[in-house]
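# Report on the structure
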Amino acid sequence: MLTHRRAFPTDNPILGLFMSILVLLVDDSRAMRDYVTAILERHGGYIVDEVSNGFDALRALPRANYDLIITDINMPDVSGIELARFVRQTKRHAETPIVAISTDASVSDQSRARTSGVTRFLAKPFTADELLAVTRELGDGPGGGR
Amino acid sequence: MTGVSEFVSEAQDIVEAFSRQLLALEAQLRRAEDLDPEALNAAFREVHTLKGLAALTGRKEIVELSDSLESCLDALRLGRRELDQDVLDVCFECVEAFGQLLIAASDARTDGLEMGTLVARLEAIVVVSEGANHEPAPALDWLDESMVGVLTEYEEHRLQENVRRGRAVLCVRARFDLMVIDVGLEALKTKLQECGEVITYLPSSDGTSDDKIEMDILVGSERSEAEFAAVLVDQGVELRLLRAAVPVASASTRTNATGTDIAVEAPAVGQAGAEVPHLHLPSSPASPLGPVLAAGSRAQAVDLGAGIAQGATSNAVASADAMAPALAPELSLRSLSQTVRVDLRRLDLLMNLVGELALVEANLDGLLTKFQQGDEHLEVARDFRDQLRIMNRKLTLLQQAILEVRMVPLGQVFDKLARIVRKISRDSGKDVQLSITGADTELDKRIVEELSDPLMHMVRNAIDHGIETPDERVSLGKPSRGTIELIAYQKGNRVVIELEDDGHGMDWRNIRDAAIRKGTISAEAGQDLSRDQAMNLIFTPGFSTRDEATSVSGRGVGMDVVKTNIARISGMIEIQSVPGKGTQFSITLPVTLAIIQALVIQTADQTFCVPLNSVLESIMVQDRDVSTVEGHAVVSLRGRTLPLVDLAEFFELDRAQPRAQDYVYVVVVGLAQHRIGLVVDDLLGQQDVVIKPLGSALRQMPGIAGATELDANRTVLLLDVGSIVAEALKSPRAGREERGRNAHACN
């Protein structure tokens, strides 16, 4: 039922430009969500589903094919690392790039996040261009996406 | 970019939450209790969030201060430094400093704020913690490697801390349906927290279904496995002991392990359990006494109420006074934005008080009347009357003002619906636009909250079952893009919300036939159904015009739930549908819930209130005008037959003596398109009443919605017109028997 909203790198490069990219954004700060969503939806041609905690993210994941997951690391209950691990276990999102946003996750947290499946780190604060550079690279670049 | 006022408002919330955590910690410290690791971690997270937020909006000073504070709190939560009063004082100073910085931010000022000294003190705390003696961390080699790999540094520390205290570590594996995960998890979490500390949740895919999820929950506990299992019985979870508890020799609770290192790469030290005896060796001389001394030397500043404003200004550390000059004493707690978020429960309380004041006023008025009957005090009575009138006027204004505080525009819900329409139409491959009118119509906050789910469900239904695919629409000669119209407007003291789609509509005959097929109604009953009655079958439990649920509308929640939810906020829902053209729902709601106008009636010497908004009219009927049709009492009203319900009979009230007069009053009430007449002995008048909920014993009683107080401290019951109408439309006899049983059960 959701298959029409396929992942973005399509076989047809022209078509790819017109297909919107579906992003799941997980962050417990409303301001942060507003900021990221505004950048992505206004400048990047993305559609963003926002959730404010790990549990809601778990709920959202099976309901859509996300092309990209952006998550805060430091969240209560289910952290970004635990979420990444879970995402990698699911068939639907096994390959979906995960961007972790964090101010300065400790070195050990960072390395664990990577082994748990986080694709990229984005350090707060970041500019719109920095965010878009990461999402575009993961979307279109070689080896990114799927 | 977030606007300044939004930033300030959110930042202020964060700072307030942070200072609440500090106050809680300070209280624990004063009582020399174990510090709640959750509070410390929450404080850390608040500051972490604040830092991110400030960085986003480019508030350099706040970033700088929160960065140092965050490092300091990180050292605390990871057990590298013990929390003592000195550290708390610095934290409280940060709260003040944030307040000043936020004032500056909202005034667009940056001058005269120097955070350097505070930052330096925070850094000093962190440096001390790094130089402290480190106790080797207990090894976690007994834990599954895949689990260790996903713990955050903090979670790992908590795990080690639990081990260090000799607690058992258990893994609880639970399965959840994703739709209800937060409810189920919340319940389980509460249970687990009774037993110990919940360290982390590890979700994992159970592999069989997308709708299910497995959750491994690590809990540290002093209880035995058996005790644990007893608490979790009936929870449907698996319990696994990862590490047994090790009895600790010392009963000292202040083992918060000052200056222990939790370096992640630390090699395993011997066998599991071997490190436990280290537990009660204080590794820093300051550890057990420090907080006590510090707390004692600044006794007057630990008053919790004044904590935020003053906690930091008086300081036990002599040098600190000299180091905090930038923080001017003229502290203000004023809110920086004009909006106030108020807990709805507080407003409810105020609302109740206003209602009770109104009662006092009514009582005074009654007293005055008695007073005036004696002539000698006429002069005084006149003055009294004037004052009473003034009080009445002010009271009305107060009531109005409180009601207005509770009012929010429906736009709040409509915005969410717009997002849902966007999302669902995308999911279902349909092209749908939402047109909104009257988003500024205001309703009581509680009603708006209660309304959002039913509206969302109806919008989902409209897209999923109503609006056709673009191709289908074009072939039908409709524009390819479907439209859902949401119209809200005020009509007298009610608000009407209309939800209209231009999809394929519903044929009432199909609904009737489906209902017969499903056994919702019998075939004979089906023959007599009018168009309206048939349409209303969609509100019957278990009814759905499609056999399979789609992933959009889902299964389970039907229109019956929508109707129930709307009825709960005293609303009515009506449906109209034209096959091929579309469906229209119309929801009528009271503007507010807390105070309603009621018609006070009397029957069999009992007084009841009827919500005035469901009363259409009241008429006097001579006994001889009442006729009987098929065993039902009816009366003819302007050419239409109105079924009657005798209220005394409905509630099985016994009359002390037979009715004296040869006429009755009939209160005509309507619920959606159904009209019935309630037969009562007398109409006593109209009054504003404050609804109070009933206790659980009476809550299930059909026909009663709540209680209210009338003058002279009399408590009377408020009728639930909806359920009386519903009962009356059922087989009257069966309904009565059932009610009789309920009534006895209540006695």
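As the structure is a prediction and not an experimental result, all values here were calculated from the model.

### Observations regarding the overall build of chain B
What chain B contains, in helices and strands, is 25 helices and 22 strands. Taking all 747 residues of chain B together, 36% fall into the buried category. Expressed as a percentage of contacts within chain B between residues at least 6 apart in sequence, the contacts between residues at least 24 apart total 72%.

### With respect to the overall build of chain A
Helix and strand content of chain A: 6 helices and 5 strands. Walking chain A from its N terminus toward its C terminus, one meets helices and strands in the order α-β-α-β-α-β-α-β-α-β-α. Here chain A, with 146 residues, has 45% of them falling under the buried criterion. Intrachain contacts of chain A at a sequence separation of at least 6 include 62% that bridge at least 24 residues.

### Re unusual backbone geometry
All names here are of chain B. Backbone geometry places Ala32, a non-glycine residue, at a positive phi of 55°. One can find Ala32 in the loop between α1 (4-30) and α2 (37-56). When the 12 C-beta atoms within 10 Å are taken as the criterion, Ala32 is described as exposed. The residue Ala604 is not glycine, and still its phi comes out positive at about 45°. In this fold, Ala604 is placed in the loop between β12 (595-603) and β13 (606-611).

### Brief notes about the sheet that holds strand β10 (residues 572-578) of chain B
Residue and element names in this part refer to chain B. On the basis of which strands lie adjacent, the open sheet formed by 5 strands has the order β6-β8-β9-β11-β10 and mixed pairing. The open sheet is flanked by β6 (432-437) and β10, the only strands paired with a single partner. Averaged over all pairs of adjacent strands, the angle between their axes in this sheet comes to 15°, without regard to strand direction. Relative to strand β11 (residues 582-590), strand β9 (residues 494-501) is paired through 8 bridges, and the arrangement is antiparallel. Note that in β11 the partner of Glu498 across the bridge is Ser586.

### As for the interface of chain B and chain A
In this assembly, 35 residues from chain B lie in contact with 35 residues from chain A. At the level of secondary structure, the elements contributing two or more residues to the side of chain B that touches chain A comprise α1, α2, α8 (181-195), β2 (196-205) and α15 (411-428) of chain B. Considering every element that reaches the side of chain B that touches chain A, the biggest residue donor is α2(B), with 8 residues. Of the residues contributing to the side of chain B that touches chain A, the split by class is 14 nonpolar, 11 polar and 10 charged.

### Description of the pairing of strand β16 (residues 632-637) of chain B
Residues and elements named next belong to chain B. One ladder, built from 3 bridges, connects strand β15 (residues 627-629) with β16; its direction is antiparallel. The residue bridging Thr628 from the neighbouring strand is Ala633, located in β16. As judged from the 4 bridges shared by β16 and strand β17 (residues 640-646), these two strands associate in the antiparallel manner. Residue pairing for β17: Ser636 is matched across the bridge by Thr641.

### Remarks on the sheet that holds strand β4 (residues 238-243) of chain B
All names here are of chain B. Reading across the sheet, the 4 strands line up as β2-β3-β1-β4 and stay open at both edges, with antiparallel pairing between neighbours. Each edge of the open sheet carries a strand with a single partner, namely β2 and β4. Between one strand axis and the next, the sheet turns by 25° as a mean value, whatever way the strands run. Where β2 meets strand β3 (residues 212-221), 9 bridges bridge the pair, whose relative direction is antiparallel. Directly across from Leu202, in β3, lies its bridge partner Asp216. Running at roughly 135° to β2, helix α7 (residues 153-164) makes contact with β1 (168-177), β2, β3 and β4 of the sheet.

### Some remarks on the packing of helix α3 (residues 60-77) of chain B against helix α4 (residues 85-106) of chain B
All names here are of chain B. Look at α3 against α4: their axes get within 11 Å of each other, and the N-to-C directions meet at 160°. As summarised for this structure, α3 and α4 are arranged roughly antiparallel, according to the angle between their axes. α3 and α4 meet at a crossing whose hand is left-handed. Each of Glu61, Ile62, Leu65, Leu69 and Leu76 in α3 lies in contact with α4, whose residues at this interface are Val87, Cys94, Ala97, Phe98 and Leu101. Its residues placed into classes, the contact of α3 with α4 shows 9 nonpolar, no polar and 1 charged.

### Some details on the packing of helix α13 (residues 344-373) of chain B against helix α14 (residues 378-406) of chain B
All names here are of chain B. Across the interface, α13 lies against α14 with an axial gap of 10 Å and an inter-helix angle of 165°. As summarised for this structure, α13 and α14 are arranged roughly antiparallel, according to the angle between their axes. Every pair of crossing elements has a handedness; the one defined by α13 and α14 is left-handed. Side by side, α13 and α14 meet where Leu347, Leu350, Met351, Val354, Leu357, Ala358, Glu361, Leu364, Asp365, Leu368, Phe371 and Gln372 of the first sit next to Ala381, Phe384, Arg385, Leu388, Met391, Asn392, Leu395, Leu398, Gln399, Ile402, Val405 and Arg406 of the second.

### Description of the confidence of the model for chain A
All names here are of chain A. Of the residues in chain A, 77% reach a pLDDT of 70 or more, and the chain-wide mean stands at 77. Within chain A, no element has a lower average pLDDT than helix α1 (residues 13-18), which sits at 48, and none a higher one than strand β3 (residues 68-72), at 93. Below a pLDDT of 50 lies the segment residues 141-146, which in the model reaches 12 contacts outside its immediate sequence neighbourhood of four places, other chains included.

### Remarks on the nonpolar core
With 113 residues, the main nonpolar core has A:Val23, B:Ala11, B:Leu22, B:Cys94 and B:Phe98 as its most contacted residues. Looking at which element gives the most residues to this core, the answer is α4(B), with 12 residues. With residues up to four places along the chain from it excluded, the contact list for B:Ala11 reads B:Leu50, B:Leu53, B:Ala54 and B:Leu102. Within the second largest apolar cluster, 43 residues are counted, among which are B:Ile467, B:Ala488, B:Ala515 and B:Ala567.

### Topic: the environment of B:Leu122
Residue and element names in this part refer to chain B. Locating Leu122 in the fold gives a position in helix α5 (residues 116-131). For the pair Leu122 and Glu70, spaced 52 residues apart in sequence, the C-alpha separation works out to 9.2 Å. Contacts of Leu122, omitting those with residues within four sequence positions, involve Ser68, Leu69, Cys72 and Val90.

### A few points about α4(B)
All names here are of chain B. A rise of 1.5 Å per residue sets the reference length of α4, with its 22 residues, at 32 Å; its end C-alpha atoms lie 32 Å apart and thus fit the reference within 8%. For α4, the buried fraction is high: 18 of the 22 residues fall into the buried class. Positive backbone phi, approximately 55°, marks Ala108, located one or two places after α4.

### A word on the pairing of β3(B)
All names here are of chain B. Counting buried positions along β3 gives 7 out of 10 residues, so the element sits mostly inside the fold. By the bridge criterion, 10 bridges tie β1 to β3 in an arrangement that is antiparallel. Along β3, the bridge assignment pairs Ala168 with Ser221.

### Some thoughts on the confidence of the model for chain B
Residue and element names in this part refer to chain B. The pLDDT averaged across chain B works out to 75; a share of 77% of its residues lies at or above 70. Low pLDDT (under 50) marks residues 547-556, which in the prediction has 14 contacts with non-local residues, meaning those over four places away or in another chain. Below pLDDT 50 for its whole length, residues 731-747 participates in 11 contacts with residues either more than four positions away or in separate chains. Here the predicted complex carries an ipTM of 0.74, next to a pTM of 0.47.

Conventions used here
Residues numbered from 1 in each chain as written. Chains lettered and ligands numbered in written order. Predicted model: local features only at pLDDT ≥ 70, side-chain atom pairs only at ≥ 80, totals over all residues. Helix = DSSP H or I, 4+ residues; strand = E, 2+ residues; numbered from the N terminus. Buried ≥ 20, exposed ≤ 12 C-beta atoms within 10 Å, placed from the backbone. Contact = placed C-beta atoms within 7 Å. Pairing = 2+ DSSP bridges. Axes fitted to C-alpha atoms, helices over the stretch in contact; angles between N-to-C directions. Nonpolar A, V, L, I, M, F, W, Y, C, P; charged D, E, K, R; others polar. Parallel < 35°, antiparallel > 145°, perpendicular 65-115°, else oblique. Left-handed = near helix turned anticlockwise from the far one by under 90°. pLDDT = per-residue confidence, 0-100. Core = buried A, V, L, I, M, F, W, Y, C linked by C-beta atoms within 7 Å. Expected span 1.5 Å × (residues − 1).

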